[in-house]
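Residue-level structure breakdown
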Amino acid sequence: RYPVEDFSNDQAYPVLRVIDGDTVEINHDGPAVSVRLIGVNTPETVHPSRPVEAYGRETSSFTKNLLLGESVYLWFNTEKQDRYGRLLTSLYRAPDGLFVNLEIVRYGHAYTQFPFKHVELFRHYENQARISR
């Protein structure tokens, strides 16, 4: 089942920019903060020492279409930051509650190395994306 969360008492944060398909920047109570989306990995487009990977531009465009000009709710897993200082979170688009991370699995792949709440659902959506090509 597609997860529906209640964010009626939560603050939504404006998306400032999309860095690539799985990383965005939000206004988190003042300063701009990088956010790495939990459970998804997309082709690189901005790595300092690697070329743009196949379908990287397409996944970045997909994420931009989902999020530019929007605000998002944050849902944290157990770890709140990665080793690069980025917030590790799931994003839900305000006000419609679209589970952004799960939508992106259609263009990237489920990143299940670390456990998170919806890991089996992400694997299912990744498999469906492969079947439908």
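First things first, this report covers the structure right here in the doc. (Residues numbered from 1 in each chain as written. Predicted model: local features only at pLDDT ≥ 70, side-chain atom pairs only at ≥ 80, totals over all residues. Heavy atoms only, no water.)

**A short note on unusual backbone geometry**
Ala94 connects to Pro95 through a cis peptide bond whose omega is 0°. Tracing the backbone through its elements, the reader meets Pro95 in the loop between strand E6 (87–94) and helix H2 (100–104). Of note in this structure, Asp29 is not a glycine but carries a positive phi near 60°. As for its placement among the helices and strands, Asp29 is situated in the loop between strand E2 (23–27) and strand E3 (32–37). (Helix = DSSP H or I, 4+ residues; strand = E, 2+ residues; numbered from the N terminus.)

**Remarks on the environment of Ser90**
Tracing the chain through its elements places Ser90 in strand E6. On the basis of relative accessible area, Ser90 is assigned to the buried category, the value being 3%. As for Ser90 and Ile38, which are separated by 52 residues in sequence, their C-alpha atoms are 5.5 Å apart. Ignoring sequence-local partners within four residues, the contact set of Ser90 consists of Ile38, Tyr73, Leu74, Trp75, Phe99 and Asn101. (Buried < 20%, exposed > 50% of the residue type's maximum accessible area, 1.4 Å probe, protein only. Contact = heavy atoms within 4.5 Å.)

**Focus: the side chain of Thr23**
Assignment of secondary structure puts Thr23 in strand E2. Judged by its relative accessible area of 5%, Thr23 is buried. Here Asp22 takes part through its side chain, which lies 3.1 Å from a polar atom of the side chain of Thr23. In this structure Thr23 touches Val18, Val35, Arg36, Leu37 and Arg86, once residues within four positions along its chain are discounted. (Polar contact = N/O pair within 3.5 Å; in protein donor to acceptor, adjacent residues only side chain to side chain.)

**Concerning helix H3 (residues 119–132)**
Here H3 is 14 residues long and its end C-alpha atoms lie 20 Å apart, about the 20 Å a rise of 1.5 Å per residue gives. Tucked inside the fold, the buried residues of H3 contact H2 and strand E7 (109–110). Looking one or two residues beyond H3, the residue adopting positive phi is Arg133, at roughly 60°. (Expected span 1.5 Å × (residues − 1).)

**Structural notes on the nonpolar core**
Residues Val24, Ile26, Leu37, Leu67 and Leu91 are the most contacted members of the largest nonpolar core, which totals 33 residues. When contributions to this core are tallied by element, the ones reaching two or more residues are strand E1 (13–20), E2, E3, helix H1 (56–67), strand E5 (71–81), E6, H2 and H3. Element by element, the count of residues in this core is highest for E6, at 5 residues. Non-local contacts of Leu67, meaning those with residues more than four positions away in its chain, are made with Val15, Val18, Val24, Val72, Leu91 and Val100. (Core = buried A, V, L, I, M, F, W, Y, C linked by side-chain atoms within 4.5 Å.)

**Description of H1**
In this model, H1 (12 residues) spans 17 Å end to end at C-alpha, consistent with the 16 Å of a helix rising 1.5 Å per residue. For H1, every residue scored as buried is listed here: Gly56, Thr59, Ser60, Phe62, Thr63, Leu66 and Leu67. In an axial view of H1, the angular spread of the buried residues amounts to 155°, which keeps them on one side of the axis. Projecting away from the buried face of H1 at angles above 90 degrees are the exposed residues Arg57 and Asn65. (Arc of directions from axis to C-beta.)

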